[in-house]
Amino acid sequence: MTNELALARDVFHRIAANVELVMRGQHASVRKLLAAFASGGHVLLEDFPGTGKTTLAKAVARSIDAQFKRVQFTPDLLPSDILGVSVFNQRDQAFHFHAGPVFANILLADEINRASPRTQSALLEAMGEGQVSVDGERRELTEPFFVIATQNPVEFRGTYPLPEAQMDRFAVQFTLGYVAAAEEVAILTAQAQEHPLERIKPCASLAEALTLKHAVKQVRVSEELKRYMVDLAAATRTAKGVQLGASPRASLALMKMAQALALFDGQEFAGPEQVQEMAVPVIAHRLVMEPQARFSGLTARGVVEEILKQTPVPA
Amino acid sequence: MNAPPLLVGLAVLFWGWQADLLAFAAPLAALLEGARLVKARWDFSDADYGRIWTLCVVLFAGVAVYAFTSNDGAGAVGSFFNTNNPAVRNNAMTQGTRAVLVFIRWLPFVFVPMIVAQAYGRRERIDLAVFSGLVRRLRRLRPSAERSPGVNVAMPFFSICLTGAAAANSRGPGFFIGLSVLLCWALWPRRSKRYPVPVWLGLAAVVIAMGFFAARGMLQLHRVVEMLQAEWMAGMFNARGREGSESVTSIGKHGRLNLSGRVVMRVDPGPGVHEPPLLRTSSFDVFRSPVWSANRRTFAEVLGGTEVTTWTLLPGKAPGNELTVHVSLAKSSDALSLPPGTGELRNLPVAEVRTNRFGSVIVVETPGFVSYVARYGPGATLDGPTNESDLVVPPAERMAIGGIAEELNLASFTPAEKLKAVAQFFARHFSYTQNLETDRSAPAGETPLATFLMRQRAGHCEYFATATVLLLRQAGVPARYATGYSVDEKDRGRGKGYVVRERHGHAWCLAYVGDRWVDFDTTPGIWRAGEYQRGSSWEPVRDWLSRMWFEFSRWRTQQSGIRPYLIGMVAVSAAIIIIRLVQKRQWRRAGTTAETPGRATMRLGEDSEFFEIERRLGTLGHVRDPGETHIAWLARLESAELDTRGLCELHALHSRYRFDPAGLDTAERAQLRSRAAAWLSTQSATSKSGTSETTARA
């Protein structure tokens, strides 16, 4: 393993260990979240209230010595509340731009589906292109830019489901789920005195984070594996019960995530295991199911799992 | 479903073997299976596949025309709708079926371009829109609708080959055996690997045995149904024998005789023949009103002449006259209509010619349409010598016949004078009609013939012929009743020769005078004119169609078959399509192009020894699912308490060899090889004890 990759892997594990001080029993989730961060994708955490979505996001943000902002999405939130606003200054008779929370390295969009679709869409450009246009002026965001959004399940009251274009901008979506009983006891013990989040210290610098992102791109992917990922994405387009299949952006995200995971696992190349691990979190949330199929109990996750089973994996 | 190796090639060979087309099938099979060895692939677009499909359709049409013309299938289908005669209908149906069978036999040939294009094309599957205009239209209407992945034409082609082989109907045991082997081979790769091979083979054997006995049962059922059908047909239609064992006359029926104007044959008299004679089909000696039948009607086979198409009926006779007859004969066997004293038949390509003592000539296995030359002349005829039945007058008719014979004082004349007297008698006192009224003055019990002779004195040829025969017999002249055709309508469409219609069917008398049989026709000559006037209003149209078919058939037989022309036509259209195909395309070497290379080329490390391990574990029942990665599989094995020590490290090497584009260096490659070999050897050493352990646990 080359020096750069070894270094990056070290950074990876350091951050993971740091986050797991807070997030007990969530090793797989931390892996995915960090893989998304390293590969430059954004994360959507969907789960019931109280499962630690915000805590996880905060823990990651605090582990990296980066600028962290948080927006609590509410129904009356406006796009300018996120992007920023130009304010007229009486004194020098000019407009001055007040940057919004989007100008940060790590943005936590809490309960993103409580805001109106208009506000949700304000993040489209930022997430897709790493820039925002305010008052017709293009402003670059600083590297790295990483959005962690949390949302309550769509069926909850007072929520606006994210539009599919916005969904497609998230590289991965996954749930944390409830931890095992023993872990939950440990959580209670840990929080008896103070929240462990308070004790979290940054363990990686911004420069190290950038090296990590650079190293991920060095991970090699064979043609056969690329073909496998494309086949997976293509299969969703013809799968039964699916109205809208996965976009090429999905297969691209899948490749990047597989690269990041491979780095995490200490490999210089991506393998089919990493692809299979990430296929559901990367692809499932992008599928739009037919109402008929939804009522018959078919879920996007189930569709992707079935495709994984059916598509011959390169071995 | 992809075809397993050699399957399509074997199916093609099988078809060639069964259908006797091995010379064509063997190179094709080599071509198809050769695609596995040749790396070069042709880059076809959808439009190209469309053109190839068009080519297939052209071939389809060509083969269809070939099949139907070579067996007279179209003529058969035409006559099926053109006739009410059940025998002709039945025959037409068999011919049509035969044409369809020939067509199916050639069917694999039709789809050869498509299968070759797939074998040598880059695509594994061909878009459905190539085959179906409906799919193309749907695509246009709903562009967003999901597309099917297309079809692999190998398996459909495989089934077409089997169907073609079945249609060849070679009736040997080879077909069933070959079919079973091919189907087993087709299913072999799809078998469940969870069961041992002997179980699968045993099940296959059971299925094949069931198929064998079911086929036998079907055959027996077929026979039973066939017999039932024959009985049913016989009972339903009371079909008249085609070979002229008897002739049911209309004697005794009243009302108008309705005869069709359908053209039966065309006759071209040879040089020197000004007035063609009556053409006799058969003759009869026993009258049982209203049926004339032939007594002791045995046939003798005539051996072929100098050529296969020349048949000498009367050896030693040198006939001076010639007559060419163009006629469509029934395939299996049919009776010829011949001029009196025919000694030789030429240009008659049939398998067998039979004659009997009544002058009937039966031909067997005809090619359908024939133009034969009958050489005839006065003198000897085919008719056998006279016997007592040629002098019998049925008791029911004796009173009337005897009365007339006495009135004419026939007994005192010489045979020639008797004929003259009878002819004069009919010419003076009788008239011709096809429209017989019921004669109410006739006393009960009087036979129709007696009514004709004593009271009505008008009737059609059957009355005249029957009465003449019986009168001559009464006078001591042996006589027979003859049926056939009168040739007297000029063929105005062709401008030469004569046309013979169904309604020109005629009956007359054969009299034995001066040691030979002569035609003796007493029907007033007016009947010819009367017949001619009675054509229906649309007869010209039908004549024209009939003539077209005649010309086509004759052209075909003269040209020794239409096939070269059709094959030429098909070849030209095929050449045009192929030229259009080749113009823009060039052979491309797979792998040398920058475009998406074939799947086969981008698989790295295919020769990894880890696959050997996987195969070994697979034979022990630890089969990896197609969607399962090696790591997940190994984890599963471990949880199944299988010893996978060392496999994980080995897999790490394998994984790098397979998925790292940088690959392994030679030392690592050697390591992978040696460690895999070591694992395999230890595994096989412990397998004996291990297997028993596993089974014990299971």
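Because the structure is a prediction, the values reported are computed rather than measured.

Each value, and the rule that gives it
- Residue indices begin from 1 for each chain and proceed along its sequence in written order.
- Lettering for chains starts from A, numbering for ligands starts from 1, and both go in the order in which the items are written.
- In view of the model being predicted, local features appear only for residues whose pLDDT reaches at least 70, and side-chain atom pairs are presented and counted only at 80 or more, with totals across whole chains, interfaces and linings using the full set of residues.
- The basis for every side-chain value is the complete set of non-hydrogen atoms in the structure, without hydrogens or water.
- Helix and strand definitions follow DSSP, with helices as H or I runs of at least four residues and strands as E runs of at least two, each counted in order from the N terminus.
- Contact definition: two residues touch when any of their heavy atoms are within 4.5 Å.
- Each accessible area is a Shrake-Rupley estimate made with a 1.4 Å probe; only the visible protein chains count as cover when residues are assessed.
- We define buried area as the total accessible area lost by two parts upon association, computed with a 1.4 Å probe and summed across both.
- Just to be clear on terms, a salt bridge is a Lys or Arg side-chain nitrogen sitting within 4 Å of an Asp or Glu carboxyl oxygen.
- In this analysis, axes come from line fits to C-alpha atoms, helices being fitted only over the stretch in contact, and the angle between any two N-to-C directions falls in the range 0 to 180 degrees.
- Angles are sorted into four bins: roughly parallel if under 35 degrees, roughly antiparallel if over 145, roughly perpendicular if 65 to 115, and oblique for all others.
- The handedness criterion is simple: a crossing whose near helix is rotated anticlockwise from the far helix by less than a right angle is left-handed, and one whose near helix is rotated clockwise is right-handed.
- Ten residue types, Ala, Val, Leu, Ile, Met, Phe, Trp, Tyr, Cys and Pro, are classed as nonpolar, four, Asp, Glu, Lys and Arg, as charged, and the remainder, Gly among them, as polar.
- Here, nonpolar core refers to any group of buried Ala, Val, Leu, Ile, Met, Phe, Trp, Tyr and Cys residues whose side-chain atoms link them within 4.5 Å.
- Partly exposed describes any residue whose relative accessible area lies between the buried limit of under 20% and the exposed limit of over 50%, with all areas from a 1.4 Å probe on protein chains only and scaled to the type maximum.
- The domain boundaries here were taken from an automatic or database domain assignment.
- Side-chain rings of Phe, Tyr and Trp, where Trp is taken by its six-membered ring, are said to pair if the distance between their centres is within 6.5 Å; with planes under 30 degrees apart they count as stacked, over 60 as edge-to-face, and otherwise as tilted.
- At least two bridges found by DSSP between two strands is the condition for calling them paired.
- Confidence scores here are pLDDT values: one per residue, from the predictor, ranging 0 to 100.
- In protein, a polar contact requires one atom able to donate a hydrogen and another able to accept it; more generally it is a pair of N or O atoms within 3.5 Å, and residues adjacent in sequence count only if both atoms are side-chain atoms.

(A) Structural detail: the overall build of chain B. In terms of regular secondary structure, chain B is built from 22 helices and 24 strands. Excluding contacts between residues fewer than 6 apart, the proportion of contacts in chain B whose partners are at least 24 apart in sequence is 76%.

(B) Structural context of the overall build of chain A. When you go through chain A residue by residue, the secondary structure sums to 14 helices and eleven strands. Summarising the internal contacts of chain A: among those between residues at least 6 apart in sequence, 78% fall at separations of at least 24. Taken as a whole, chain A presents about 14200 Å² of accessible surface, with 53% of it coming from carbon and sulfur.

(C) How the structure looks around the interface of chain B and chain A. Each partner contributes to the interface: chain B provides 23 residues, whereas chain A provides 22 residues. For the pairing of chain B and chain A, the buried interface totals around 1900 Å² over both sides, and the portion due to carbon and sulfur atoms is 57%. There are two salt bridges connecting chain B and chain A. The partner of B:Asp660 in a salt bridge is A:Arg220, with the nearest N and O atoms 2.5 Å apart.

(D) Examining the packing of helix H10 (residues 223-238) of chain A against helix H12 (residues 272-283) of chain A more closely. Residue and element names in this part refer to chain A. Where H10 meets H12, the axes come as close as 11 Å, and the angle between the chain directions of the two elements is 25°. Considering their axes alone, H10 and H12 lie roughly parallel with respect to each other. Where H10 crosses over H12, the two elements pack in a sense that is right-handed. Side by side, H10 and H12 meet where Leu-225, Tyr-228, Met-229, Leu-232 and Thr-236 of the first sit next to Pro-272, Val-275, Gln-276, Ala-279 and Ile-283 of the second. Considering only residue class, the contact of H10 with H12 consists of eight nonpolar, two polar and no charged.

(E) Geometry of the nonpolar core. Ranked by internal contacts, the top residues of the largest apolar core, which has 81 residues, are A:Leu56, A:Leu232 and A:Leu263. Counting residues per element, this core draws most heavily on helix H11 (residues 248-264) of chain A, which supplies eleven residues. Counting contributing residues per domain, this core is built from domain 1 (1-217) and domain 2 (219-315) of chain A, each supplying no fewer than three. Not counting residues within four places of it along the chain, the set of residues in contact with A:Leu232 comprises A:Leu254, A:Val275, A:Ala279, A:Ile283, A:Ile307, A:Leu308 and A:Thr311. Core analysis: the second largest hydrophobic core is formed by 51 residues, B:Tyr49, B:Met114, B:Ile126 and B:Phe157 among them.

(F) The packing of aromatic side chains, seen in detail. Residues and elements named next belong to chain B. The full count for this structure, using the stated rule, is 28 aromatic pairs over all chains. Ring geometry for Trp-15 against Phe-24: centres 6.1 Å apart, planes inclined by 85°, an arrangement best described as edge-to-face. By relative accessible area, Phe-24 is classed as partly exposed at 31%. For the ring pair Trp-188 and Trp-200, a centre distance of 5.1 Å and an interplane angle of 75° mean the geometry is edge-to-face. Separated by twelve residues along the polypeptide, Trp-188 in the loop between helix H10 (173-187) and helix H11 (197-237) and Trp-200 in helix H11 bring together distant segments of the chain. For Trp-188, a relative accessible area of 26% puts it in the partly exposed group.

(G) Fine view of the sheet that holds strand E20 (residues 489-490) of chain B. Residues and elements named next belong to chain B. Read across the open sheet, the seven strands follow the order E9-E12-E15-E10-E4-E21-E20; overall the sheet is antiparallel. A single partner strand is all that each edge strand has here, and the edge strands are strand E9 (311-312) and E20. Sheet analysis places E9 next to strand E12 (residues 342-346), joined by two bridges and oriented antiparallel. Its bridge partner lying in E12, Thr-312 is registered against Glu-344.

(H) Representation of the confidence of the model for chain B in the model. Put simply, chain B has an average pLDDT of 77, and 81% of its residues get 70 or more. This model gives residues 234-243 of chain B a pLDDT under 50, and the stretch forms 14 contacts once residues within four places in sequence are excluded.

(I) The arrangement of the sheet that holds strand E13 (residues 352-356) of chain B in detail. Residue and element names in this part refer to chain B. With antiparallel pairing, four strands are arranged side by side in an open sheet as E8-E13-E14-E11. Sheet topology places strand E8 (299-302) and strand E11 (333-335) at the edges, where each strand pairs with a single neighbour. Going from strand to strand, the sheet's axes swing by 30° on average, the running direction of each strand aside. Relative to strand E14 (residues 361-364), E11 runs antiparallel, the two sharing three bridges. Within E14, the position partnered with Ser-333 by the bridge is Val-364.

(J) Focus on the packing of helix H1 (residues 7-18) of chain B against helix H9 (residues 154-168) of chain B. Residue and element names in this part refer to chain B. Where H1 meets H9, the axes come as close as 8 Å, and the angle between the chain directions of the two elements is 15°. As the angle between them shows, H1 and H9 are arranged roughly parallel. Our pair here, H1 against H9, has a crossing hand that is left-handed. In contact with Leu-7, Val-8, Ala-11, Val-12, Phe-14, Trp-15 and Gln-18 of H1, H9 contributes Ala-154, Met-155, Phe-157, Phe-158, Cys-161, Leu-162, Gly-164, Ala-165 and Ala-168. Classifying every residue of the contact of H1 with H9 by side-chain character gives 14 nonpolar, two polar and no charged.

(K) Examining the environment of A:Ala115 more closely. All names here are of chain A. Position of Ala-115 among the secondary structure elements: in the loop between strand E5 (106-110) and helix H5 (117-121). A C-alpha to C-alpha distance of 8.3 Å links Ala-115 and Leu-78, two positions 37 residues apart in sequence. If we skip the residues at most four places from it in the chain, Ala-115 touches Phe-73, Thr-74, Pro-75, Gln-120 and Tyr-160.

(L) How the structure looks around unusual backbone geometry. Residue and element names in this part refer to chain A. For the bond running from Glu-143 to Pro-144, omega is -15°, close enough to zero to count as cis. Within the secondary structure, Pro-144 is located in the loop between strand E7 (137-140) and strand E8 (146-151). Of note in the backbone geometry, Gln-93 takes a positive phi value of approximately 50° without being a glycine. Looking at the element boundaries, Gln-93 is found in the loop between strand E3 (84-89) and strand E4 (94-99).

(M) Up close: the pattern of salt bridges. Residues and elements named next belong to chain B. Tallied over the full model, the rule gives 33 salt bridges over all chains. Arg-51 is the salt-bridge partner of Asp-48, the closest N and O atoms lying 3.0 Å from each other. Here Asp-48 and its partner Arg-51 are both found in helix H3 (residues 46-70), three residues apart, which amounts to about one turn of the helix. Arg-51 carries the same exposure label as Asp-48, and that label is buried. For Glu-612, the salt bridge goes to Arg-615, with nearest N and O atoms at 3.0 Å. On the criterion of helical spacing, the pair formed by Glu-612 and Arg-615 is a turn pair, its members being three residues apart in helix H19 (residues 610-619). Here Glu-612 falls in the partly exposed class, since its relative accessible area comes to 35%. Here the salt bridges do not stand alone but share partners, grouping Glu-322, Glu-344, Arg-346 and Arg-375 into one network.

(N) A look at the environment of B:Val363. Residue and element names in this part refer to chain B. Topologically, Val-363 is positioned in strand E14. In sequence terms Val-363 and Leu-329 are 34 residues apart; their C-alpha atoms lie 8.9 Å from each other. Among all residues touching Val-363, those that are not within four sequence positions of it are Leu-329, Ser-332, Ser-333, Asp-334, Leu-336, Leu-348, Val-350, Glu-352 and Val-353.

(O) Representation of the pairing of strand E4 (residues 263-269) of chain B in the model. Residues and elements named next belong to chain B. Summarising burial for E4: five of the seven residues are buried, a large majority. In this sheet, strand E21 (residues 498-501) lies alongside E4 in antiparallel orientation, the contact comprising four bridges. From the neighbouring strand, Arg-266 faces E21, where its bridge partner is Val-499.

(P) View of the environment of B:Met155. All names here are of chain B. Summarising the element assignment, Met-155 is placed in helix H9. For Met-155, a relative accessible area of 16% translates into the label buried. In this structure the C-alpha to C-alpha distance between Met-155 and Ala-3, which are 152 residues apart in sequence, comes to 6.3 Å.

(Q) Focus on the pairing of strand E19 (residues 479-485) of chain B. All names here are of chain B. Burial runs high along E19: seven of the seven residues are buried. Sheet topology note: the E19/strand E22 (residues 505-513) ladder contains seven bridges and is antiparallel. When the bridges of E22 are listed, Tyr-485 appears paired with Gly-505.

(R) Here's a closer look at the side chain of A:Gln173. Residues and elements named next belong to chain A. Position of Gln-173 relative to the elements: it lies in strand E9 (residues 172-174). A polar atom in the side chain of Gln-173 sits 3.2 Å from the side chain of Glu-46. Beyond its immediate chain neighbours, meaning those up to four positions away, Gln-173 contacts Leu-44, Glu-46, Gln-151, Met-167, Pro-281 and His-285.

(S) Looking closely at the side chain of B:Thr355. Residue and element names in this part refer to chain B. Among the secondary structure elements, Thr-355 is positioned in strand E13. Judged by its relative accessible area of 11%, Thr-355 falls in the buried class. Those residues in contact with Thr-355 that lie beyond four places of it in its chain are Thr-298, Phe-299, Ala-300, Val-302, Leu-313, Ser-360, Val-361 and Leu-382.

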